[in-house]
Amino acid sequence: MRQSSPVVEQHRAAGRTFEAGGVRSFVREQGDGPTVVLLHGVPASSFLYRRMMGALAARALRAVAFDFPGLGLADRPHDFDYTWSGLAAWTASAIDALGVERCHLVVHDIGGPIGFEWAIRHPDRVASLTALNTLVDVDGFRRPWPMLPFAFRGVGEAWLAGMHPRIWRPIFRHVALGDRGATSNAEIDAHLALLKREDGGRAFLQIMRGFELTAAKQRFLFDGLARRAYPAQVVWGRDDRALGESRRLAVQRALGVDAPQLLPARHFLQEDQAPAIADAVAAIHHRA
C-alpha cells in the first residue's frame, strides 16, 4: 500500500469509519442543527466537501459527507453492485446506519442520479434538494473527455495507471477549478491518492462502467422528481467544462427550477465556492 499523504491523513483524522450494507466506509460530520447529507461523484470522495463542512456548521447546520463504496476511504469489494442503482441502495443503508431520519440533500456529479433515486424512494425523508453540477438526462449521456477512457476495458486501466501528479494536476485544474489558486498541489494530489488507494482504482473503473444510460432510468428520474413535494434548487458552476449548459437545463426541467444560482466556478465548485453553496443550502432550509 502506498504511504498516505499528510493531507489524506488529516482528512482521515477528521472523520470516522462506519459500516452499512456489509461495507465499511468513512464519514465526516460537523455542526449541530438540521442535517445536510452531501453526496459526491467521480473521481471524488467526501474529501471534496471538506471546505463545506465548516461553512455549513457556521450556518447552524449539521454536515454529513460519506464515501461511496469503491471511492475515498471506503472499502472496495470486487463483487459489489457499482451501478447507480446499487450505489443508491447502499446510500439508503448508509443514511440509516448514520441515524439520519430526515435531511437536506446535496448532490454532485453522479451523486445526482444516485441521490435522486434515494430521494424518489424515500420522499418523506427529504427536507430539500440542492443539485450541484450533475446530470439527470442520462439516456445516451456521453462522458467528458477526461473520463471517457475509463469506460473501456484495457484503455481505462492504462489511462489510470499513467495518471501521475504531473498529468493529473493540469487536467484537474482545467476541468475542476474556477479559481486555480484555491486548491494546493497537495490537495489535488490527495484527490488522486484517494481515487487509487489500495486497489489502484479498479473499483472506480467498475463504477465508471456501471453507468445506467438508458431511457428507462431517465424516465424513472424525471417522473419521480416531478412528484416530489419538497423544495429544490440548482446551484451551478457556470464555467463547467465537464457538464455544461445542456446538462444544467435538463436538471432545471426535472426539478422545475426556473432560476438557477450560477457561481464563478467549474466542475468542482465545492473547492472554491463552499461559502456560497452553504449560503444556498441555508436559504432553502429556511424556506422548507
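Before any of the text, the structure's been laid out above.
Remember, it's a predicted structure, so these values are computed and weren't measured experimentally. (Residues numbered from 1 in each chain as written. Predicted model: local features only at pLDDT ≥ 70, side-chain atom pairs only at ≥ 80, totals over all residues. Heavy atoms only, no water.)

1. Comments concerning the nonpolar core
(1) Moving on: The biggest cluster of nonpolar side chains holds 73 residues, and the ones touching the most others in it are Phe-66, Trp-90, Leu-129, Phe-204, Leu-225 and Leu-255.
(2) Moving on: Looking at which element gives the most residues to this core, the answer is helix H3 (residues 84–97), with 7 residues.
(3) Moving on: Those residues in contact with Trp-90 that lie beyond four places of it in its chain are Phe-18, Ala-20, Gly-21, Val-23, Ser-25, Phe-66, Asp-67, Phe-68, Pro-69 and Phe-80.
(4) Moving on: Core analysis: the next-biggest nonpolar cluster, separate from the first, contains 23 residues, Val-36, Met-53, Val-235 and Ile-277 among them. (Core = buried A, V, L, I, M, F, W, Y, C linked by side-chain atoms within 4.5 Å. Buried < 20%, exposed > 50% of the residue type's maximum accessible area, 1.4 Å probe, protein only. Helix = DSSP H or I, 4+ residues; strand = E, 2+ residues; numbered from the N terminus. Contact = heavy atoms within 4.5 Å.)

2. Thoughts on the sheet that holds strand E6 (residues 126–134)
(1) Moving on: With mixed pairing, 8 strands are arranged side by side in an open sheet as E1-E2-E4-E3-E5-E6-E7-E8. Strands at the two margins of the open sheet, each flanked by one partner only, are strand E1 (16–20) and strand E8 (261–263). If you compare each strand with its neighbour and ignore which way they point, the axes differ by 25° on average.
(2) Moving on: Taken strand by strand, helix H12 (residues 274–287) contacts strand E3 (35–39), strand E5 (103–109), E6, strand E7 (232–237) and E8, and its axis lies near 170° from that of E7. (Pairing = 2+ DSSP bridges. Axes fitted to C-alpha atoms, helices over the stretch in contact; angles between N-to-C directions.)

3. A few points about a nonpolar patch on the surface
(1) Moving on: A cluster of nonpolar side chains, Leu-148, Phe-152 and Val-155, forms an exposed patch at the surface whose accessible area comes to about 270 Å².
(2) Moving on: When you line up the elements, Val-155 lands in helix H5 (residues 155–161).
(3) Moving on: By relative accessible area, which is 46% here, Val-155 ends up partly exposed. (Patch = residues over 30% accessible without salt bridge, like charges linked within 9 Å, V, L, I, M, F, W, Y side chains within 5 Å. Areas by Shrake-Rupley, 256 points an atom, 1.4 Å probe, with all protein chains shown as cover. Salt bridge = Lys/Arg side-chain N within 4 Å of Asp/Glu carboxyl O.)

4. Observations concerning the packing of aromatic side chains
(1) Moving on: Here the structure, examined in full by the defined rule, presents 9 aromatic pairs.
(2) Moving on: Counting every residue linked through ring pairs, the aromatic cluster contains Phe-18, Phe-66, Phe-68 and Trp-90.
(3) Moving on: The ring of Phe-47 has Arg-50 lying over it, and the distance from NZ or CZ to the ring centre is 4.0 Å. (Phe/Tyr/Trp six-rings, centres within 6.5 Å; stacked < 30°, edge-to-face > 60°. Lys NZ or Arg CZ within 6 Å of the ring centre and 35° of its normal.)

5. Describing the pattern of salt bridges
(1) Moving on: Within the structure shown, the criterion is met by 20 salt bridges.
(2) Moving on: Across the salt bridge formed by Arg-12 and Glu-9, the nearest N and O atoms sit 3.3 Å from each other. With a gap of 3 residues between them, Arg-12 and Glu-9 both fall in helix H1 (residues 6–13), about one helical turn apart.
(3) Moving on: Overall, Arg-12 belongs to the partly exposed group, its relative accessible area being 33%.
(4) Moving on: Overall, the relative accessible area of 33% leaves Glu-9 in the partly exposed class.
(5) Moving on: Arg-16 is the partner of Glu-29 in a salt bridge, and the nearest nitrogen-oxygen pair spans 2.8 Å. Taken together, the residues span a long stretch of sequence, with Glu-29 in strand E2 (residues 23–30) and Arg-16 in strand E1 at a distance of 13 residues.

6. Describing the packing of helix H2 (residues 50–57) against H12
(1) Moving on: Running from N to C, H2 and H12 point in directions that differ by 45°, and their axes come no closer than 9 Å. Between H2 and H12, the crossing angle belongs to the class labelled oblique. In the crossing of H2 with H12, the sense of the turn from one axis to the other is right-handed. Contact residues: Arg-51, Met-52, Ala-55 and Leu-56 in H2; Ala-274, Pro-275, Ile-277, Ala-278 and Val-281 in H12.
(2) Moving on: Broken down by class, the residue content of the contact of H2 with H12 amounts to 8 nonpolar, no polar and 1 charged. (Parallel < 35°, antiparallel > 145°, perpendicular 65-115°, else oblique. Left-handed = near helix turned anticlockwise from the far one by under 90°. Nonpolar A, V, L, I, M, F, W, Y, C, P; charged D, E, K, R; others polar.)

Just geometry here; none of it tells us what the structure is for.
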